[in-house]
Amino acid sequence: MPVEEGKTYDVTIQDIARQGDGIARIEGFVVFVPNTSVGDEVQIKVERVLPKFAFASVVE
C-alpha cells in the first residue's frame, strides 16, 4: 500500500471521477480528492484507505 491514513502527500490532480472528485495517483494507487480540478497541485491528507483506492482531503 503506497499511502497511509493520516499522512500528507504532494500530488497533482490528473482526472475527474464521475462523482466530480479529483483523482490523484501515488505510485499508481488512486486517491480521490474532493473539490479539486485537473492540474491542481495540492497537498493532501489521506483520510481513508481501501484495498483499491483511498480518499483524501486538501490540506489548507
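Refer to the structure printed above.
Bear in mind that the values here come from a model prediction, so they are computed numbers and not experimental data.

Cut-offs used in this document
Residues numbered from 1 in each chain as written. Predicted model: local features only at pLDDT ≥ 70, side-chain atom pairs only at ≥ 80, totals over all residues. Heavy atoms only, no water. Pairing = 2+ DSSP bridges. Helix = DSSP H or I, 4+ residues; strand = E, 2+ residues; numbered from the N terminus. Buried < 20%, exposed > 50% of the residue type's maximum accessible area, 1.4 Å probe, protein only. Salt bridge = Lys/Arg side-chain N within 4 Å of Asp/Glu carboxyl O. Phe/Tyr/Trp six-rings, centres within 6.5 Å; stacked < 30°, edge-to-face > 60°.

Chemist: I'd like a rundown of the sheet that holds strand β2 (residues 15-16), residues and numbers included.
Modeler: Spatially, six strands are ordered β1-β5-β6-β4-β3-β2 in an open sheet, and the strand pairing comes out mixed. In this open sheet, the two strands that pair with only one neighbour each are β1 (8-12) and β2. Where β1 and strand β5 (residues 41-49) come together, five bridges link them in antiparallel fashion. Counterpart to D10 in the pairing with β5 is Q43.

Chemist: Describe the pairing of strand β4 (residues 29-33), with residues and values.
Modeler: Regular strands have side chains that alternate between both faces of the sheet. The element β4 is largely enclosed, with a buried count of five among its five residues. Across the two faces of β4 the burial is the same, with F29, V31 and V33 and V30 and F32 all buried. The pairing of strand β3 (residues 22-26) with β4 spans five bridges and is antiparallel. Bridge pairing links A24 to V31 in β4. Hairpin remark: β3 followed by β4, antiparallel, with two residues in the connecting loop; positive phi at E27, about 50°.

Chemist: An account of the pattern of salt bridges is needed here, citing residue identities and associated values.
Modeler: Applying the stated criterion across every chain, the model contains two salt bridges. Between K7 and E4 there is a salt bridge, with its nearest N and O atoms 3.4 Å apart. For E4, a relative accessible area of 44% translates into the label partly exposed.

Chemist: Go over the packing of aromatic side chains, please, and point to the residues and values.
Modeler: Any aromatic ring pair is given by two values, namely how distant the centres are and how the planes are angled relative to each other. This model, assessed by the stated rule, comprises three aromatic pairs. With centroids separated by 5.4 Å and ring planes inclined at 85°, the aromatic side chains of F32 and F53 adopt a geometry described as edge-to-face. Taken together, the residues F32 in strand β4 and F53 in strand β6 (residues 53-58) connect sequence positions 21 residues apart. Overall, F32 belongs to the buried group, its relative accessible area being 16%. Exposure remark for F53: the relative accessible area of 29% places this residue in the partly exposed category. When the centroid spacing of 5.5 Å and the interplanar angle of 90° are considered together, the rings of F53 and F55 count as edge-to-face. The exposure class of F55 is partly exposed, given its relative accessible area of 30%. Members of the aromatic cluster, connected to one another through ring pairs, are F32, F53 and F55.

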